[in-house]
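Observations on the model geometry
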Amino acid sequence: MDLTFDLARTALVVIDVQDGIAFSGAATPNTPEQLVARNNELAAVLKNTAAQIVLVRVKNDGAEGFNPITDAPSTPAQPMSAEATRLSLDIATDETAENVIVVNKHNWGAFYGTDLDVQLRRRGIDTIILTGIATSIGVDTTAREAAQRGYNLVFIPEAMTDRTEQGHNASVDVIFPRLGKIRTVAEVKTAIAEAK
């Protein structure tokens, strides 16, 4: 399978799996319920191990000003309610989980303008297992930012979803193989179990 982890150097980074995004519209190829369930599986096997679990969310207060002039229809960024920013994974409210951090992002990528890189480097992390929503936007942008910073990447498309099949497939088929390894939930869980 060619996949091994040093858990002390590994982080699961989950992008934007929060109620106001995961459940806000059409999702393909994975439903919101599948997205949450598969990310819950991964977080559960990593809970209180040497690995780090990073839950990234958009917590827009309306002041970020990320409103580019585009050809595609777009609406200006609006403040998000507390309900919309609520993280959807069980581990987000699990008080017994000791290896979870939350990073609030302001743009598509999780590194730009956040302390994610500092949080990972101070823990000696060099490998990121990447999941979330939207595959072609938040996940893809974060993947490119991580690659530029020298992180090893493992992608789990089963634990991602997008607004369009075209967007999801473009990232999974074209971009991600050039940045890291693509594996299934089962393959990653097996490698984690072997690393424990």
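Computed from a predicted structure; not experimentally measured.

Where helix α2 (residues 32–46) contacts helix α7 (residues 185–195), the two axes come as close as 10 Å, and the packing angle between them is 5°. Relative to α7, the element α2 lies roughly parallel. Here R38, E41, L42, V45 and L46 of α2 come into contact with α7, specifically with V185, V188, K189 and I192. Taken together, the residues of the contact of α2 with α7 sort by class into 6 nonpolar, no polar and 3 charged.

In this structure the tally under the stated criterion is 8 salt bridges. Residue K181 is joined to D2 by a salt bridge in which the shortest nitrogen-to-oxygen separation is 3.5 Å. Of this pair, K181 sits in strand β6 (residues 181–182) while D2 sits in the segment before β1 (10–15), placing them 179 residues apart in sequence. Residue class for K181 comes out partly exposed when judged on its relative accessible area of 32%. Relative accessible area serves as the criterion here: at 58%, D2 is assigned to the exposed category. R121 serves as the salt-bridge partner of D117, at 3.0 Å between the closest nitrogen and oxygen. One end of the pair is D117 and the other is R121, both in helix α4 (residues 116–122) and 4 residues apart, which spans about a single turn. Relative accessible area serves as the criterion here: at 42%, R121 is assigned to the partly exposed category.

Rules behind the numbers
- Residues numbered from 1 in each chain as written.
- Predicted model: local features only at pLDDT ≥ 70, side-chain atom pairs only at ≥ 80, totals over all residues.
- Heavy atoms only, no water.
- Axes fitted to C-alpha atoms, helices over the stretch in contact; angles between N-to-C directions.
- Helix = DSSP H or I, 4+ residues; strand = E, 2+ residues; numbered from the N terminus.
- Parallel < 35°, antiparallel > 145°, perpendicular 65-115°, else oblique.
- Contact = heavy atoms within 4.5 Å.
- Nonpolar A, V, L, I, M, F, W, Y, C, P; charged D, E, K, R; others polar.
- Salt bridge = Lys/Arg side-chain N within 4 Å of Asp/Glu carboxyl O.
- Buried < 20%, exposed > 50% of the residue type's maximum accessible area, 1.4 Å probe, protein only.

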